[in-house]
Amino acid sequence: MEDEDFDALYLDLMKEFLSTATPVQWLAVVTTMNYDNGSALPDWISKYPNLEPAVAKALYWYQQPGYFQHYASQDKVPSINRKGWARVQALSQRFADGNLAPATIGWDPANDLASPTGNEKHPGYDWTSEAVKGSEAQWPIPAVMLEAVPGTQPDIYAYVDEQGWEDGMPPHVQDELNAAMDGEESDDED
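A brief look at the structure comes next. On a predicted model such as this, the values are computed, not experimentally measured, just so you know.

A count of helices and strands for the protein gives 9 helices and 2 strands. Listed by position from the N terminus, the elements making up the protein come as α-α-α-α-α-α-β-β-α-α-α. At 18 Å, the protein has a C-alpha radius of gyration in line with the 16 Å of a compact globule built from 190 residues. If you line up the protein on its principal axes, its C-alpha atoms span 60 × 40 × 30 Å. Here the protein holds 190 residues, and 42% of them are scored as buried. Taking as baseline every contact in the protein between residues at least 6 positions apart, the subset at least 24 positions apart corresponds to 70%. Summed over its atoms, the accessible surface of the protein is roughly 10,200 Å², and 48% of this surface lies on carbon and sulfur atoms. Separation of charge centres in the protein, based on 10 positive and 33 negative side chains, amounts to 16 Å.

Here we take up the pattern of salt bridges. Note on pairing: side chains with opposite charge can pair once their charged atoms come close. Scanning all chains against the criterion turns up 1 salt bridge. Between Asp43 and Arg87 there is a salt bridge, with its nearest N and O atoms 2.7 Å apart. Linking Asp43 in helix α3 (residues 40–47) with Arg87 in helix α6 (residues 82–97), this pair joins segments that are 44 residues apart in sequence.

Take the nonpolar core next. Within the largest apolar cluster, 48 residues are counted, with the highest numbers of intra-cluster contacts made by Val29, Leu41 and Ile45. Listed by contribution, the elements that provide at least two residues to this core are α1 (3–18), α2 (23–32), α3, α4 (53–62), α6, α8 (156–163) and α9 (171–189). Looking at this core element by element, the count peaks at 8 residues for α4.

Let us look at the packing of aromatic side chains. If you walk through the whole model with that rule in mind, you get 11 aromatic pairs. Ring centres of Tyr125 and Trp127 lie 4.9 Å apart, and the angle between their planes is 80°; on these two criteria the pair is classed as edge-to-face. Connected via pairs of aromatic rings, a cluster forms that spans Tyr35, Tyr62, Tyr125 and Trp127.

Our focus in this paragraph is the layout of surface pockets. Of the volumes computed, that of the largest pocket is approximately 490 Å³. In terms of lining residues, the largest pocket is bounded by 16 residues, among which Tyr35, Asp36, Gln63, Ile80 and Asn81 are the most central. Mapped by element, the contributors of at least two residues to the lining of the largest pocket are α5 (65–68) and α6. A total of 3 residues in the lining of the largest pocket trace back to one element, the largest contributor, which is α6. For the lining of the largest pocket, the residue count by class is 7 nonpolar, 6 polar and 3 charged.

Moving on, we get to the side chain of Gln25. With respect to the secondary-structure elements, Gln25 resides in helix α2. Gln25 gets classed as buried once you look at its relative accessible area, which sits at 16%. Within polar-contact distance, the side chain of Gln25 engages the backbone nitrogen of Thr22 at 2.8 Å. Excluding residues within four positions of it along the chain, Gln25 makes contact with Phe17, Tyr159 and Trp165.

Now for the environment of Thr104. Here Thr104 shows up in the loop between α6 and β1 (112–116). For the pair formed by Thr104 and Thr22, sequence separation is 82 residues and the distance between their alpha carbons is 10.0 Å. Within the structure, the side chain of Thr104 is placed 2.6 Å from the side chain of Glu52, a separation counted as a polar contact.

Moving on: the side chain of Thr31. Checked against the element boundaries, Thr31 lands in helix α2. Here Leu27 takes part through its backbone oxygen, which lies 2.8 Å from a polar atom of the side chain of Thr31. Filtering out sequence-adjacent residues up to four positions away, Thr31 remains in contact with Ala58, Tyr62, Trp107, Ala114 and Ile156.

Rules of the game
Residues numbered from 1 in each chain as written. Predicted model: local features only at pLDDT ≥ 70, side-chain atom pairs only at ≥ 80, totals over all residues. Heavy atoms only, no water. Helix = DSSP H or I, 4+ residues; strand = E, 2+ residues; numbered from the N terminus. Rg over C-alpha atoms; globule rule 2.2 N^0.38 Å. Buried < 20%, exposed > 50% of the residue type's maximum accessible area, 1.4 Å probe, protein only. Contact = heavy atoms within 4.5 Å. Areas by Shrake-Rupley, 256 points an atom, 1.4 Å probe, with all protein chains shown as cover. Lys, Arg positive; Asp, Glu negative; His and termini not counted. Charge placed at Lys NZ, Arg CZ, Asp CG, Glu CD. Salt bridge = Lys/Arg side-chain N within 4 Å of Asp/Glu carboxyl O. Core = buried A, V, L, I, M, F, W, Y, C linked by side-chain atoms within 4.5 Å. Phe/Tyr/Trp six-rings, centres within 6.5 Å; stacked < 30°, edge-to-face > 60°. 1 Å grid on protein atoms, 1.4 Å probe; cavity = no way out; pocket = protein on both sides within 12 Å on 5 of 7 lines; lining within 4 Å. Points joined across faces, edges and corners; volume = space filled by probe spheres on them. Nonpolar A, V, L, I, M, F, W, Y, C, P; charged D, E, K, R; others polar. Polar contact = N/O pair within 3.5 Å; in protein donor to acceptor, adjacent residues only side chain to side chain.

The structure is reproduced here in structure tokens:
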């Protein structure tokens, strides 16, 4: 299977899954997916009309906005990362505009339970610590992006473990991708 075909199948399967997914499942995708698999799914998620604030904020921080703070504009960013820069800016603009669905779950960029620390007093990773401050920053992280989304923060780490997720995919998506790859290998052997 060609890389483009695999990427298209992955995107189609994930869009189909997310069309009926719960907010916890959306958050599980965003906080556990492999961001090296391309930008098509993060782009689609970032533009989703009914995007929950917890999912949007997690997607923002998992894009590592601190990296992009070193660049004053998109054209200054290395070409391979320009879509990420635009996505980070668009997500913060959605918060500024209030262009998100009502929140049903919480998420705290300063205490992300999907990335456990093992520290009882501070169990989740602090993404806000990656924000660039001072003269090194070409632009500041907007204050709203540093704030927690109110509500109960689900334990995504436990959820994906219990459900058998891998790389931000529920088992049925993994199975379909594996079957497509296995079918392609069988065809090559004939």
